[in-house]
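This is what each chain is made of:
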Amino acid sequence: MAVPIIKKAVETLQAGGLVALPTETVYGLGADAANPEAVSKIFAAKGRPADHPLIVHLADVASIAQWAEDVPQAAWDLGAAFWPGPLTMILKKQPWVPLAVTGGQDTVGLRVPAHPLMLELLAAFAAVRTPAAAGIAAPSANRFGRVSPTTAAHVREELGDKVSIVLDGGPCTVGIESTIVDFSRGVPEILRPGAISPDDIACVIGVSPHVRGRAEGEVPVPRVSGSLAAHYAPLTPLRQVGSGALAEEVARLVRAGGRVAVLAYSGSAPLGANPVLHWQTMTPEPVAYARELYANLRALDALGAEVILVEEVPSATNWQAVADRLNRAAAGSGTSYGK
Ligand code: TXA
Ligand code: MG
């Protein structure tokens, strides 16, 4: 027997309502993926353009077959290896899958998330949904273009009364959005880097996936909203500064009288209290850094500083997903983008 909050969440989904839910990556804003009217409420709540496709969350690997067709063996293998987990696969959709959820495309994004409460919700929803195609469409539960929420409190800050149920599953353990791998166009291609790396994928499928945006002359694809150059962005202007130049740049801005927020992982704050300087130290390791990133960006953004200076992260491949989010945050910051 499901706990009362899960029961209430299932009833809300069945009635075409929205439920905010925890995953291991970031919190999502969920609706019944097979109900186009319910799905349209997600776009309205987020202020998200209707042609941006949503990820459908599933209870288990076997459910892929209900939602996708012509599924390559490599996709089954990745599902077996990494699900439940922070990996989304783009596959050719079954004809019945509503275009509302795929942004009008003939492909669908699928993922089995690794969060106990979310898995409980998915299983409880699958047990009652008729016809039996239980998937929860859920983008990150932030307003379009803004920093993704990694706690239930962030979701309430972002969406307030636009969502009646927020399932509180504690802070997200991964902290940045899933890796997206596209199988719909032959060679598997990574559209968004995440905790599961190209090497992790290559180890399972035996070929290195193409990484979108790396080849010369490629531009980010607008159909993947997380790949827009400006995304995940605070309102305060955010600028990245190399480790060697950080101390000097901070000193210069403080001398000029500005209020400065700093996100740094290598150096420590200058000694002595300084009312115009807020220094946030990050863990110098990419997995922990990712877990802490959005909560810290959100907190620094709330200070009303003139600028958020972020120490550039290493160029090593294990920092790639974090570097991607910081680049997009910098590109979208300080503007009304996505407001
Ligand atoms: O970790 C995550 O993936 C989180 C949690 C809640 O699961 N979800 C998430 O959703 O980040 P969202 O909507 O913020 O980002 C999903 C990305 C978007 O960039 C979207 O364009 C892309 O996935 N996407 C979904 N379906 C797609 C499709 N059929 N083709 C191409 N891109 C797709
Ligand atoms: Mg998002």
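For clarity, every value in this text was computed on a predicted model and none was experimentally measured. (Residues numbered from 1 in each chain as written. Chains lettered and ligands numbered in written order. Predicted model: local features only at pLDDT ≥ 70, side-chain atom pairs only at ≥ 80, totals over all residues. Heavy atoms only, no water.)

## Quick word on the domain arrangement of the chain
Partitioning the chain into domains gives domain 1 (4–216) and domain 2 (238–332). Look at where the C-alpha atoms of domain 1 and domain 2 centre, and you get two points 30 Å apart. Listed as interface residues are 21 residues of domain 1 and, on the opposing side, 12 residues of domain 2. Counting each side, the surface lost to burial between domain 1 and domain 2 is near 1,300 Å², with a carbon and sulfur contribution of 51%. (Domains from an automatic or database assignment. Contact = heavy atoms within 4.5 Å. Buried area = accessible area lost by both parts, 1.4 Å probe.)

## Re the site of ligand 1
Looking at ligand 1, there are 26 residues lining it, with Thr25, Arg48, His57, Ser178 and Arg192 nearest. Within the side chain of Ser178, a nitrogen or oxygen atom sits 2.6 Å from an oxygen atom of ligand 1. For ligand 1, the accessible surface in isolation is 670 Å², of which the surrounding protein chains cover 99%. Among the elements that take part in the shell around ligand 1, strand S5 (residues 107–111) stands out by supplying four residues, more than any other. A class-by-class count of the residues in the shell around ligand 1 yields 10 nonpolar, 11 polar and five charged. (Near = heavy atom within 4 Å. Polar contact = N/O pair within 3.5 Å; in protein donor to acceptor, adjacent residues only side chain to side chain. Areas by Shrake-Rupley, 256 points an atom, 1.4 Å probe, with all protein chains shown as cover. Helix = DSSP H or I, 4+ residues; strand = E, 2+ residues; numbered from the N terminus. Nonpolar A, V, L, I, M, F, W, Y, C, P; charged D, E, K, R; others polar.)

## Looking at the pattern of salt bridges
A complete count under the given rule lists 15 salt bridges for this structure. Here Asp324 and Arg328 are joined by a salt bridge, their closest N and O atoms 2.5 Å apart. Here the residue Asp324 and the residue Arg328 both occupy positions in helix H11 (residues 320–332), the gap between them amounting to four residues, near one helical turn. Exposure remark for Asp324: the relative accessible area of 10% places this residue in the buried category. On the basis of relative accessible area, Arg328 is assigned to the buried category, the value being 13%. One salt-bridge network, held together by shared partners, links Arg143, Glu157, Glu158 and Arg298. (Salt bridge = Lys/Arg side-chain N within 4 Å of Asp/Glu carboxyl O. Buried < 20%, exposed > 50% of the residue type's maximum accessible area, 1.4 Å probe, protein only.)

## Focus: the packing of helix H10 (residues 286–301) against H11
Relative to each other, H10 and H11 sit at 25°, their axes nearing to 10 Å. Between H10 and H11, the angle is such that the two are roughly parallel. For the element pair H10 and H11, the recorded crossing hand is left-handed. Across from Pro286, Tyr289, Ala290, Leu293, Tyr294 and Leu297 in H10, the residues of H11 making contact are Val322, Arg325, Leu326 and Ala329. When the residues that make up the contact of H10 with H11 are grouped by side-chain class, the tally is nine nonpolar, no polar and one charged. (Axes fitted to C-alpha atoms, helices over the stretch in contact; angles between N-to-C directions. Parallel < 35°, antiparallel > 145°, perpendicular 65-115°, else oblique. Left-handed = near helix turned anticlockwise from the far one by under 90°.)

## Structural notes on the sheet that holds strand S11 (residues 238–241)
Reading across the sheet, the four strands line up as S11-S14-S12-S13 and stay open at both edges, with parallel pairing between neighbours. Edge positions in the sheet fall to S11 and strand S13 (277–281), since each has one partner strand and no second. Strand after strand, the sheet turns through a mean of 20° between neighbouring axes, direction not considered. Pairing of strand S12 (residues 260–264) with S13, which is carried by five bridges, proceeds in the parallel orientation. Pairing of Leu263 across the sheet is with Gln280, part of S13. (Pairing = 2+ DSSP bridges.)

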